[in-house]
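Here's the letter readout for the chains.
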Amino acid sequence: MSIAVDGPDTVAEIQPTFAELVSAFARIGLMSFGGPAAQIALMHKICVEEKRWIDEDRYLHALNYCMLLPGPEAQQLATYIGWLLHGVRGGIVAGLLFVLPGLAVILGLSSLYALYQEASLVTGLFFGLKAAVLAIVVEAVVRIGKRALKSGFHHGLAAAAFIALFFFSLPFPLVVLAAAMIGLIHARGVPSAAIDISEEVRARPPLLGQFATLLFWVAVWLAPLPLLWLLLPETALPEVQTFFSKMALVTFGGAYAVLAYVAQVAVDHYAWLKPGEMLDGLALAETTPGPLVLVLSYVGFLAGFRQSGVLNPLVGGLLGGVIAAWATFIPSFIWIFAGAPYIERLRGNRLLSAALSAITAAVVGVILNLAVWFALHVIFTRVEPVNLASFGPLSLSVPLPVWSSLDWQALVIALVAAVMIFRFHLGIGKTLVVAGLLGLAARFLL
């Protein structure tokens, strides 16, 4: 087995036809519930165990590469496998089929949410789902923390990231960059480990061809932006494309790592959402196939729906959801098609590995901040910031709940969800179904 630097070659015992590739990734796209861990396991089961299209080593090599990149690693892995088996068209089809079923579902659910949000049935359902999401996010902190926090240094980075976000409200991208720099500085005193890299990967790809590929995909990614500013400047759509394009470059750690920052900007700066609606969106995304980061399409939908200008609100919402998905997922094709040969050659670079491990550690603190933020807004109906001190441009503040606003129904549902996940190890789907039913019961019977 071998892989050419400028494109895929024979990579497995069994080479699928293009139709077989399309069929398999359509199946994966429809079944990919449960977050990136479940999605990565599903692709392994189908592509390695059932179909034998690639072997174990090749799959793990591809997965390790995708873990280095910003954005949804499961979608990037699907794109990588498709590219490996059928070139650029295989990568495009695999990457799109991994996202499109979930995108269609999230847009449909977002439409129902925007149109019928005040209905008692919808309100009760989402009340239960929001409480369950709290337990899911806490489980994500525990799971990712066990994998990422390998030393006291990494524990310190996670704590510092949490403090920077929760107490000082520093921007998420700044925290990520600071963590990378600290990791680089720390790595200078740590001996490097030898990593075996194949001769094919060591070979330098054609610079001009890779640069042309990079320019093409960047142009595809940003193509809607000038049209939106020119044709629909009075809508939220140009700002949706601009904001989520920036997010696509810093989304190390997946959806959980950026949700608090997205919620802060979408609520406080753009006024696209109300504070509790971000929790509703995460609950929606948890119930759909595909990457959890599809919650950003929900945000884009509400932005386009509420600031639609001359467009029909529903049309504006659908465009907003599609534009948010475009800005979020197209960069994954850039990383695979243009950057894969170069980044593969850097797998043995000690400084790069140190920076990425530091970012991963900081992401644990970021997700912990998200968990605390969710807990405060789920369990209490009123949360008020208290300013403790100021240090020049920085202010030390703490969001404190109003204890009289405790929602005991939400607390009970969250505890039930936590028991289902941590004690009985039930799946996200079953937990959300039970929580949704409890939410309906709380609204109609209590």
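Everything that follows concerns the structure shown earlier in this document.
Residues numbered from 1 in each chain as written. Predicted model: local features only at pLDDT ≥ 70, side-chain atom pairs only at ≥ 80, totals over all residues. Heavy atoms only, no water.

Undergrad: How would you explain the nonpolar core if you had to name every residue and give the values?
TA: With 133 residues, the main nonpolar core has Phe25, Phe244 and Trp272 as its most contacted residues. Per-element tally for this core: the top contributor is helix α4 (residues 73-116), with 17 residues. Look past the residues within four positions of Trp272 in its chain and what remains in contact with it is Ala236, Glu239, Val240, Phe243, Phe244, Ala266, Val299, Leu302, Ala303, Arg306 and Gln307. (Core = buried A, V, L, I, M, F, W, Y, C linked by side-chain atoms within 4.5 Å. Buried < 20%, exposed > 50% of the residue type's maximum accessible area, 1.4 Å probe, protein only. Helix = DSSP H or I, 4+ residues; strand = E, 2+ residues; numbered from the N terminus. Contact = heavy atoms within 4.5 Å.)

Undergrad: I'd like a description of the packing of aromatic side chains, backed by residues and values.
TA: Throughout the structure, instances matching the rule amount to 16 aromatic pairs. Centre to centre, the rings of Trp217 and Phe337 are 5.3 Å apart; their planes meet at 45°, and the pair counts as tilted. One end of the pair, Trp217, is in helix α9 (residues 207-222); the other, Phe337, is in helix α15 (residues 313-345), and 120 residues separate them in sequence. Residue Trp217 shares its accessibility class with Phe337, and that shared class is buried. (Phe/Tyr/Trp six-rings, centres within 6.5 Å; stacked < 30°, edge-to-face > 60°.)

Undergrad: Help me get a handle on the pairing of strand β2 (residues 394-401), residues and values and all.
TA: In the sheet, strand β1 (residues 383-391) pairs with β2 via 8 bridges, with the strands oriented antiparallel. Within the sheet, the bridge partner assigned to Phe391 lies in β2 and is Leu394. Counting the residues in the hairpin turn of β1 and β2 gives 2 residues, including Gly392, whose phi is positive at 65°. (Pairing = 2+ DSSP bridges.)

Undergrad: I'd like a description of the side chain of Asp407, backed by residues and values.
TA: Within the secondary structure, Asp407 sits in the loop between β2 and α17 (408-423). Not counting residues within four places of it along the chain, the set of residues in contact with Asp407 comprises Phe127, Val378, Ile379 and Thr381.

Undergrad: Please give an account of unusual backbone geometry that cites residues and values.
TA: Of note in the backbone geometry, Arg52 takes a positive phi value of approximately 55° without being a glycine. Tracing the chain through its elements places Arg52 in the loop between α2 (35-50) and α3 (56-67). Residue class for Arg52 comes out partly exposed when judged on its relative accessible area of 42%. You will see that Ala271, though not glycine, has its phi angle at about 60°, which is positive. Considering the arrangement of structural elements, one finds Ala271 in the loop between α12 (255-269) and α13 (277-286). The class for Ala271 is exposed, based on a relative accessible area of 52%.

Undergrad: Summarise the packing of α4 against helix α14 (residues 295-306); cite the residues concerned and give the values.
TA: Two measures define how a pair of helices packs: the angle their axes make with one another and the distance between the axes. Running from amino to carboxyl end, α4 crosses α14 at an angle of 45°, the nearest separation of the two axes being 9 Å. Looking at the two axes, α4 sits oblique to α14. Relative to α14, the crossing made by α4 is right-handed. For the pair α4 and α14, the contacting residues are Leu103, Ile106, Leu107, Ser110, Ser111, Tyr113, Ala114 and Leu115 in the first and Ser297, Tyr298, Phe301, Leu302 and Phe305 in the second. The residue inventory of the contact of α4 with α14, partitioned by class, reads 10 nonpolar, 3 polar and no charged. (Axes fitted to C-alpha atoms, helices over the stretch in contact; angles between N-to-C directions. Parallel < 35°, antiparallel > 145°, perpendicular 65-115°, else oblique. Left-handed = near helix turned anticlockwise from the far one by under 90°. Nonpolar A, V, L, I, M, F, W, Y, C, P; charged D, E, K, R; others polar.)

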